[in-house]
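What the coordinates show
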Amino acid sequence: MDISVIVPLYNEAESLPELEQWIARVMKENSFTYEIIFVNDGSTDNSWEVIRELSQNNPVVKGVCFRRNYGKSPALNTGFVRAQGDVVITMDADLQDSPDEIPELYRMITQEGYDLVSGWKKKRYDPLSKTIPTKLFNATARKVSGIKNLHDFNCGLKAYRNKVVKHIEVYGDMHRYIPFLAKNAGFSKIGEKVVQHQARKYGKTKFGLDRFVNGYLDLATLWFTNKFGVKPMHFFGLLGSLMFILGFIAVVIVGAIKLYNLYTGKPTILVTDSPYFYLSLVLMILGTQLFLTGFLGELIVRNSPGRNHYEIEEEIQLS
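The structure contained in this document is the topic of the report that follows. Note that this is a predicted model, so its numbers are computed, not measured.

1. Details of helix 4 (residues 102–110)
- By the burial criterion, the buried members of helix 4 are Ile 102, Leu 105, Tyr 106, Met 108 and Ile 109. Summarising the axial view, the buried residues of helix 4 lie within an arc of 160°, below the 170-degree limit, and thus occupy one face.
- If you follow the buried residues of helix 4, they end up packed against strand 1 (3–9), helix 1 (16–29), strand 4 (87–90), strand 5 (116–120), strand 6 (158–161) and strand 7 (190–194).

Here's what the structure looks like:
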């Protein structure tokens with residue numbers, strides 16, 4: 001099979017028939033063998049009934065229905081598990097992503113050798129309240145992830161080599177950082193294509209401004225787990241040691257000043273009356289706690305079943 005199209009959706013019943021017909025037309029014009037996987041993320045309208053009807057009329061249409069709303073990431077991950085096509089295309093169900101982009105995305109994967117191609121909605125039909133935070137968000141994501149050629153991490157229209165989606169796990173709200181997840185899994189050939197962004201035809205957006213706050217928190221989590229997930233002592237141990245040493249040096253200085261004043265007969269105060277003494281103790285206590293946190297993290301990692309799990313591209317063995 002050439003292509004699997006995965007469409008996560010929530011309350012998009014009105015747009016589904018038009019989207020399915022549009023995809024089918026593009027596939028027929030290019031003689032692609034394909035499947036469409038609609039993942040209904042707990043819609044409260046009649047989206048699932050529409051998917052059932054589409055499946056009856058077109059045997060390549062498949063569907064998964066969640067019992068409740070879990071979010072876009074679980075929906076995508078569910079589709080990835082079931083995708084059988086050599087190239088996997090993801091797109092939103094609101095008709096803002098154009099299926100006419102599929103042939104070129106397919107070509108970039110199969111002929112140019114990209115592992116992942118992300119769409120870039122260079123010209124957007126969104127208000128400034130959405131476009132400006134998006135630009136700031138993408139600039140931060142480029143800096144943290146090191147994928148400097150992507151301008152739109154959160155674009156729903158993406159193409160993947162099949163083995164990419166089989167080697168990444170999308171959870172929480174990590175769908176925003178699939179290119180980062182792919183890079184961490186060893187798929188480094190990541191490209192970008194300018195795609196057409198269309199104004200929403202039906203319904204309203206399902207995402208609020210809180211996604212930008214959550215997005216930064218998720219990015220920090222992903223960066224930290226990627227950098228220190230298998231070596232927590234390198235972060236907590238180092239930081240804890242530095243804090244303990246600074247606190248210890250400060251305590252020694254406070255004590256030395258006290259002894260010097262006593263020796264020279266200068267007026268002095270009790271050590272326990274000095275605020276620097278308590279700041280020093282706080283540094284030493286926090287340093288000790290951070291060091292122990294790193295040590296406990298190392299014990300957890302050592303006993304993790306995936307501590308020595310590595311992705312092997314290919315292997316040559318002597319006969």
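2. Quick notes on the pairing of strand 5
- Along strand 5, five of the five residues are buried, which leaves the element largely enclosed by surrounding structure.
- Taking every second residue as pointing to the same face, both faces of strand 5 are buried, with Leu 116, Ser 118 and Trp 120 on one and Val 117 and Gly 119 on the other.
- Bridge analysis of strand 5 against strand 6 gives three bridges, and the strand direction is antiparallel. By the bridge assignment, Leu 116 is partnered in strand 6 with Tyr 160.
- Relative to strand 7, strand 5 is paired through five bridges, and the arrangement is parallel. Looking across to strand 7, one finds that Trp 120 is bridged to Val 194.

3. Remarks on the nonpolar core
- Membership of the largest hydrophobic core comes to 35 residues, with the highest contact counts inside it found for Ile 3, Val 5, Phe 38, Ile 89 and Met 91.
- Secondary-structure elements contributing two or more residues to this core are strand 1, helix 1, strand 2 (34–40), helix 2 (47–57), strand 4 and helix 4.
- The biggest single contributor to this core is helix 1, with seven residues.
- Membership of the second largest hydrophobic core comes to 31 residues, among which are Ile 6, Val 39, Val 165 and Val 170.

Conventions adopted
- Sequence positions are assigned chain by chain, starting from 1 and proceeding in written order.
- The predicted nature of this model means local features are confined to residues of pLDDT at least 70 and side-chain atom pairs, given and counted, to a pLDDT of 80 or more, with totals for whole chains, interfaces and linings taken over all residues.
- Computation of side-chain values covers all heavy atoms of the structure but excludes hydrogens and water.
- Partly exposed describes any residue whose relative accessible area lies between the buried limit of under 20% and the exposed limit of over 50%, with all areas from a 1.4 Å probe on protein chains only and scaled to the type maximum.
- Put simply, DSSP marks the helices as runs of H or I at least four residues long and the strands as runs of E at least two long, and each gets a number from the N terminus on.
- Arc definition: directions from the helix axis to the C-beta atoms.
- Every residue pair with non-hydrogen atoms within 4.5 Å of one another is taken to be in contact.
- We treat two strands as partners when DSSP finds at least two bridges between them.
- Nonpolar cores are built from buried Ala, Val, Leu, Ile, Met, Phe, Trp, Tyr and Cys residues. Side-chain atoms within 4.5 Å join them into one set.

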